[in-house]
Amino acid sequence: MSNTTLPCLTSCIALKYVVPSIGVVTGTIMFLSSIPTVLKVRKSMKIGQVNPIPYSLITDLCLIWTLYGMFIGDYFVTAANGPGVVIGLYYTISVLGCKMSERKKLITELVLLIGMSLILASAVVAFMIVKDNTEAGKSILGWVGILFIFAFFLSPSLTIKKVITSKNSKSLDWRLSMAQLGNAALWTTYGCFSGDPFLIAPNVWGAANAIIQIICCACFDRVSTSTQSKHEVEVSQESARISSSELNGALNL
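Rules used throughout
Counting restarts for each chain, with residues numbered from 1 along the sequence as it is written. Reporting of local features is limited, given that this is a predicted model, to residues whose pLDDT is at least 70; pairs of side-chain atoms are given and counted only at 80 or more, and all residues count toward the totals for whole chains, interfaces and linings. Excluding hydrogens and water, the side-chain figures rest on all heavy atoms present in the structure. Only buried residues count toward a nonpolar core, which is a set of Ala, Val, Leu, Ile, Met, Phe, Trp, Tyr and Cys residues joined through side-chain atoms within 4.5 Å. A 1.4 Å probe rolled over the protein chains alone gives each residue an accessible area, and that area as a share of the maximum for its type sets the label: buried under 20%, exposed over 50%, partly exposed in between. Put simply, DSSP marks the helices as runs of H or I at least four residues long and the strands as runs of E at least two long, and each gets a number from the N terminus on. What counts as an axis is a line fitted to C-alpha atoms, over the stretch in contact for a helix, and the angles between N-to-C directions run from 0 to 180 degrees. Orientation categories follow fixed angle ranges, with anything under 35 degrees roughly parallel, anything over 145 roughly antiparallel, 65 to 115 roughly perpendicular, and all other angles oblique. The contact rule is simple, with two residues in contact once any of their heavy atoms fall within 4.5 Å. Following the grouping adopted for this structure description, the nonpolar residues are Ala, Val, Leu, Ile, Met, Phe, Trp, Tyr, Cys and Pro, the charged ones are Asp, Glu, Lys and Arg, and the polar ones are all others, Gly among them. Patch membership requires more than 30% relative accessible area and the absence of a salt bridge. Residues of like charge join within 9 Å; the nonpolar side chains Val, Leu, Ile, Met, Phe, Trp and Tyr join within 5 Å. Each accessible area is a Shrake-Rupley result for a 1.4 Å probe, and residues are judged covered by the shown protein chains and nothing else. Salt bridges are counted wherever a side-chain nitrogen of Lys or Arg sits within 4 Å of a carboxyl oxygen of Asp or Glu. A helix is expected to span 1.5 Å multiplied by its residue count minus one. Residue-level confidence of the predictor, termed pLDDT, takes values from 0 up to 100. The rule is short: rings of Phe, Tyr and Trp, with Trp giving its six-membered ring, pair when the centres are within 6.5 Å, and they are stacked under 30 degrees, edge-to-face over 60, tilted in between.

A. Highlighting the nonpolar core. Judged by nonpolar contacts, the single largest core of 41 residues is most densely connected at Leu61, Ile64 and Trp65. Those elements that place two or more of their residues in this core are helix H1 (5-31), helix H2 (35-44), helix H3 (53-72), helix H4 (75-96), helix H5 (102-129), helix H6 (134-166), helix H7 (174-194) and helix H8 (197-219). Top contributing element to this core by residue count: H3, with 11 residues. By size, the runner-up hydrophobic cluster in this structure holds six residues, among which are Ile160, Val163, Leu172 and Cys217.

B. Quick peek at the packing of H3 against H5. One way to put it is that H3 packs onto H5 with a least axis distance of 8 Å and a crossing angle of 10°. Judged on the interaxial angle alone, H5 and H3 are roughly parallel. Across the interface between the two elements, Ile53, Ser56, Leu57, Thr59, Asp60, Leu63, Ile64, Leu67, Met70 and Phe71 of H3 pack against Ile107, Thr108, Val111, Leu112, Gly115, Met116, Ile119, Ser122, Ala123, Ala126 and Phe127 of H5. Taken together, the residues of the contact of H3 with H5 sort by class into 15 nonpolar, five polar and one charged.

C. How the structure looks around a nonpolar patch on the surface. Residues Met70, Val124, Phe127, Met128 and Ile129 make up a contiguous nonpolar surface patch of roughly 510 Å² in combined accessible area. Here methionine 128 lies in helix H5.

D. Structural context of H3. In a regular helix each residue adds 1.5 Å, so 20 residues correspond to 28 Å; H3 covers 29 Å between its end C-alpha atoms and thus fits that length. Buried residues dominate H3, accounting for 17 of its 20 residues. At the C-terminal side of H3, glycine 73 shows a positive phi close to 75°.

E. Focus on the environment of isoleucine 107. Here isoleucine 107 lies in helix H5. Through-space distance from the C-alpha of isoleucine 107 to that of proline 52 is 9.2 Å; in sequence the pair is 55 residues apart.

F. View of the confidence of the model for the protein. Averaged over the protein, the pLDDT score is 82; the fraction of residues at 70 or greater is 83%. When pLDDT is averaged over each helix and strand of the protein, the minimum, 51, is found for helix H9 (residues 230-248) and the maximum, 94, for H4.

G. The packing of aromatic side chains, seen in detail. By the definition in use, this model includes 10 aromatic pairs. An angle of 40° between the planes, with centres 6.3 Å apart, marks the rings of phenylalanine 150 and tryptophan 205 as tilted. Of the two residues, phenylalanine 150 is situated in helix H6 and tryptophan 205 in helix H8; the sequence distance between them amounts to 55 residues. Tryptophan 205 sits in the partly exposed class, given a relative accessible area of 32%. Put simply, the rings of Tyr17, Phe76, Trp187 and Tyr190 touch in pairs and so form one group of aromatic residues.

See the structure below:
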């Protein structure tokens, strides 16, 4: 074995196995980061100002990317998103059992049901109708996944807009943003190694979102105004936490 072969072999092993394995672990940990908030909601049986809709989106998003991983035969993608389906369902069922407005409850249920219906329909097409056309099935599942990622990113985009407008980064957690950036970097690297644009694009998007959040944290002070209660701040931070979870699970593509 030549002197140049061994380093190349080591790099390939790292990119093919080590990088996505770390991504699976970090993504799962971030999925679990919302458990304290969900347990608090379950205990009080009141949703308060916590937005339950992202929990439904987490379930939908992880389900489509789990199926995508199964279709292309990538066990790392499947392993990264599979836990998110179970955790997302637990979060969703937990909050739906609590007191909230009928409108909010209806939207949360519709997001889950309509999302799953669309995902299952696309899975039927990919796995059964065009199963012999790998690229066609891959494109169907991939684009549906991108659609759900776009829907999920609406929430953090609004949070960033609010931070820039108010010049107050109190609702952001720079540590979570750094974790999001690291996780997105891992999956972007793996996507580039695999040559899969459906793995690359969402994670580049997630990395950009994390960088913007970090810049906001660096540029704007964390100020608690007299009109912003401690509870409201915690709710804003939880919204950012949920969004980052998807960037690590739902973006654990």
